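Fold and geometry: a report
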Amino acid sequence: MIFETHAHYEDERFDEDRQSLLASMRENGIGWIVNVGSTIETSVKSIELAQQYDFIYAAVGVHPSEIACLNDTEMEFLKEQARHEKVVAVGEIGLDYYWEKDPEVRKRQQDWFRKQLVLAKEVQLPVIIHSRDAAQDTLAIMKEAHKMQIPGIIHCFSYSPEIAQEYAAMGYYIGIGGVVTFKNAKKLREVVRQIPLKYLLLETDCPYMAPEPYRGKRNSSLYLSYVVEQIAAIKGCTPDEVITVTKQNACNVYQISQD
């Protein structure tokens, strides 16, 4: 059974068929799903989904592009949510410089990133890291997180194999999704080739980032088999091995029983 480590099933693009789609997961080989918050609202919705389905878990956190809503009161609320029994991580948190060029706003992203890392340390949960066009600043802050003994995942990894090696050396996991199937994804395929399977995780980021042959359409966990096949081809192993090892990795980082 596949462990889907990063989904957004609270998204409105699933409003029409969410229930039937999630009901079909087990019969299609998807054994576990972590639904990841990106705002206070979606974090709460992620917990609600996790309460409805025994195979769904939640992550709570505020995406770097959404930090304008944050203050001490909201952070205290987020900490309360992080203590829920179905919450397995703080995320997605991090840095996103793709849209944001203002140095002051980037500095605020860094500040709230660090504050959410401290929150994760307080509640003893791993972190799920979003990083876009912010390779060096993210790596520097994650080196601080490593010193604080905060485990976690670099979600939707998009940087060089060399940076991936630095994360793996610190024990961080690398999230691999549909992009690895794209024809122009040579750098990510090289990351998969170089990084040992014991540091890789399967994810979709659905409804975004659908793999080939569904690129541009709504993504779902049902398409993870295409990611599995691509990783297996790169690694020269079987799809079953990819599924088994990545499931063990996910259970390790999220502290979920493998039964």
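What comes next concerns the included structure. (Residues numbered from 1 in each chain as written. Predicted model: local features only at pLDDT ≥ 70, side-chain atom pairs only at ≥ 80, totals over all residues. Heavy atoms only, no water.)

Tallying each qualifying case throughout the model produces nine salt bridges. For lysine 79, the salt bridge goes to glutamate 122, with nearest N and O atoms at 2.7 Å. One end of the pair, lysine 79, is in helix 3 (residues 72–82); the other, glutamate 122, is in helix 4 (residues 103–123), and 43 residues separate them in sequence. Residue lysine 79 is classed as buried on the basis of its relative accessible area, which comes to 18%. When its relative accessible area of 43% is taken as the criterion, glutamate 122 is described as partly exposed. (Salt bridge = Lys/Arg side-chain N within 4 Å of Asp/Glu carboxyl O. Helix = DSSP H or I, 4+ residues; strand = E, 2+ residues; numbered from the N terminus. Buried < 20%, exposed > 50% of the residue type's maximum accessible area, 1.4 Å probe, protein only.)

For the rest of this paragraph, the subject is the pairing of strand 2 (residues 30–36). Counting buried positions over the seven residues of strand 2 gives seven, a clear majority of the element. As defined by bridge partners, strand 1 (residues 2–7) adjoins strand 2 across four bridges and the pair is classed as parallel. Paired with glutamate 4 across the two strands is isoleucine 33, which belongs to strand 2. A crossover connection joins strand 1 to the parallel strand 2 through helix 1 (residues 18–23); in handedness this β-α-β unit is right-handed. Inspection of the sheet shows strand 2 paired to strand 3 (residues 56–60) by four bridges, in the parallel sense. Counterpart to asparagine 35 in the pairing with strand 3 is alanine 58. For the crossover from strand 2 across helix 2 (residues 40–52) to strand 3, the handedness is right-handed. (Pairing = 2+ DSSP bridges. Right-handed = clockwise from strand over helix to strand, strands pointing away.)

Okay, helix 9 (residues 239–254) next. Between the first and last C-alpha of helix 9 there are 22 Å, a value that for 16 residues agrees with the 22 Å anticipated at 1.5 Å per step. Backbone geometry just after helix 9 places glutamine 255 at a positive phi near 55°. (Expected span 1.5 Å × (residues − 1).)

Glancing now at the environment of proline 196. Relative to the helices and strands, proline 196 resides in the loop between helix 7 (186–194) and strand 8 (200–202). A residue is classified by how much of its surface remains accessible, and proline 196, at 35% relative accessible area, is partly exposed. Note: C-alpha distance between proline 196 and lysine 235 (39 residues apart in sequence) is 9.0 Å.

We now examine the nonpolar core. In terms of nonpolar packing, the biggest core is built from 76 residues, with Tyr9, Ile33, Val127, Met142, Phe157, Tyr167 and Ile176 touching the most fellow members. Among the elements that take part in this core, helix 4 stands out by supplying six residues, more than any other. With residues up to four places along the chain from it excluded, the contact list for phenylalanine 157 reads Ile163, Ala164, Tyr167, Ile174, Gly175, Leu188 and Val191. Tyr57, Ala89, Leu201 and Tyr254 belong to the second largest nonpolar core, which has 17 residues in total. (Core = buried A, V, L, I, M, F, W, Y, C linked by side-chain atoms within 4.5 Å. Contact = heavy atoms within 4.5 Å.)

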